[in-house]
Amino acid sequence: MKITGFHINGFGLFHDLNLGGLSQGLTIFLGENEAGKSTLLGFLRGILFGFPDGRSNENLYAPLAGGKHGGSIVVETGNGESCVIERY
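The paragraphs below set out a description of the structure included in this document. (Residues numbered from 1 in each chain as written. Predicted model: local features only at pLDDT ≥ 70, side-chain atom pairs only at ≥ 80, totals over all residues. Heavy atoms only, no water.)

## Here we look at a nonpolar patch on the surface
- A grouping of Leu26, Ile28 and Leu30 is seen on the molecular surface, where their side chains present a nonpolar patch of about 440 Å² in accessible area.
- Residue placement: Leu30 occurs in the loop between strand 2 (14-20) and helix 1 (37-49).
- Look at Leu30 and you get exposed, because its relative accessible area is 83%. (Patch = residues over 30% accessible without salt bridge, like charges linked within 9 Å, V, L, I, M, F, W, Y side chains within 5 Å. Areas by Shrake-Rupley, 256 points an atom, 1.4 Å probe, with all protein chains shown as cover. Salt bridge = Lys/Arg side-chain N within 4 Å of Asp/Glu carboxyl O. Helix = DSSP H or I, 4+ residues; strand = E, 2+ residues; numbered from the N terminus. Buried < 20%, exposed > 50% of the residue type's maximum accessible area, 1.4 Å probe, protein only.)

See below:
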């Protein structure tokens, strides 16, 4: 399974962000401090494994710029099929 794209509706500093067409190989997100790299990682973890609930000590990344908390990722399975995983 590989991630080929994602849409963030509202998560931390991101709002209505679409990114598709990720390369076949390794994709690296590079940016200055406070650019949103850890927020993006938290989003991908949340979509794949579930968002932490309010009792957790983890950062919930409430949407600061609006939008519904959550989004979706597009994954390609081993047999070439595309699936959308969506969580709010």
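The structure having been displayed, the exposition proceeds.
## Some thoughts on the sheet that holds strand 1 (residues 2-11)
- Sheet architecture is open: four strands sit in the order 2-1-3-4, paired in antiparallel fashion. For this open sheet the edge positions go to strand 2 and strand 4 (82-87), each flanked by a neighbour on one side alone. The mean angle between the axes of side-by-side strands here comes to 15 degrees, regardless of whether they run parallel or antiparallel.
- The pairing of strand 1 with strand 2 spans six bridges and is classified as antiparallel. (Pairing = 2+ DSSP bridges. Axes fitted to C-alpha atoms, helices over the stretch in contact; angles between N-to-C directions.)

## Details of the nonpolar core
- Phe6, Ile8, Phe11, Phe14, Leu40, Phe43, Leu44, Ile47, Ile73 and Val75 together form the largest nonpolar core, which totals 10 residues.
- If you list the elements that add at least two residues to this core, you get strand 1, helix 1 and strand 3 (70-76).
- With four residues, the single largest contributor to this core is helix 1.
- Residues in contact with Ile8, not counting those within four places in the same chain, are Phe14, His15, Asp16, Leu17, Leu40, Phe43 and Gly70. (Core = buried A, V, L, I, M, F, W, Y, C linked by side-chain atoms within 4.5 Å. Contact = heavy atoms within 4.5 Å.)

## Quick word on the pairing of strand 4
- The buried fraction of strand 4 is low, at zero of six residues.
- Pairing analysis gives six bridges linking strand 3 to strand 4, with the strands arranged antiparallel. Following the sheet pairing, Ile73 is matched in strand 4 by Ile85.
- Counting the residues in the hairpin turn of strand 3 and strand 4 gives five residues, including Gly80, whose phi is positive at 90 degrees.

## A word on the pairing of strand 1
- Most of strand 1 sits inside the fold, with seven of its 10 residues counted as buried.
- Counted along the chain from strand 1 to the antiparallel partner strand 2, the turn is two residues long, and its residue Gly12 has a positive phi close to 60 degrees.

## Digging into the packing of aromatic side chains
- Summed over the entire model, instances satisfying the criterion amount to five aromatic pairs.
- For the ring pair Phe6 and Phe43, a centre distance of 6.2 Å and an interplane angle of 55 degrees mean the geometry is tilted. Taken together, the residues Phe6 in strand 1 and Phe43 in helix 1 connect sequence positions 37 residues apart.
- Measuring from ring centre to ring centre gives 5.6 Å for Phe11 and Phe43, while their planes differ by 65 degrees; the resulting arrangement is edge-to-face. Of the two residues, Phe11 is situated in strand 1 and Phe43 in helix 1; the sequence distance between them amounts to 32 residues. Judged on exposure class, the residue Phe11 and its partner Phe43 are both buried.
- Here a set of aromatic residues connected by ring pairs shows up, and it is made of Phe6, Phe11, Phe29, Phe43, Phe51 and Tyr61.
- Just above the ring of Tyr88 sits the side chain of Lys68; from NZ or CZ to the centre is 4.8 Å. (Phe/Tyr/Trp six-rings, centres within 6.5 Å; stacked < 30°, edge-to-face > 60°. Lys NZ or Arg CZ within 6 Å of the ring centre and 35° of its normal.)

So far we have only geometry, and geometry alone does not tell us how the molecule works.
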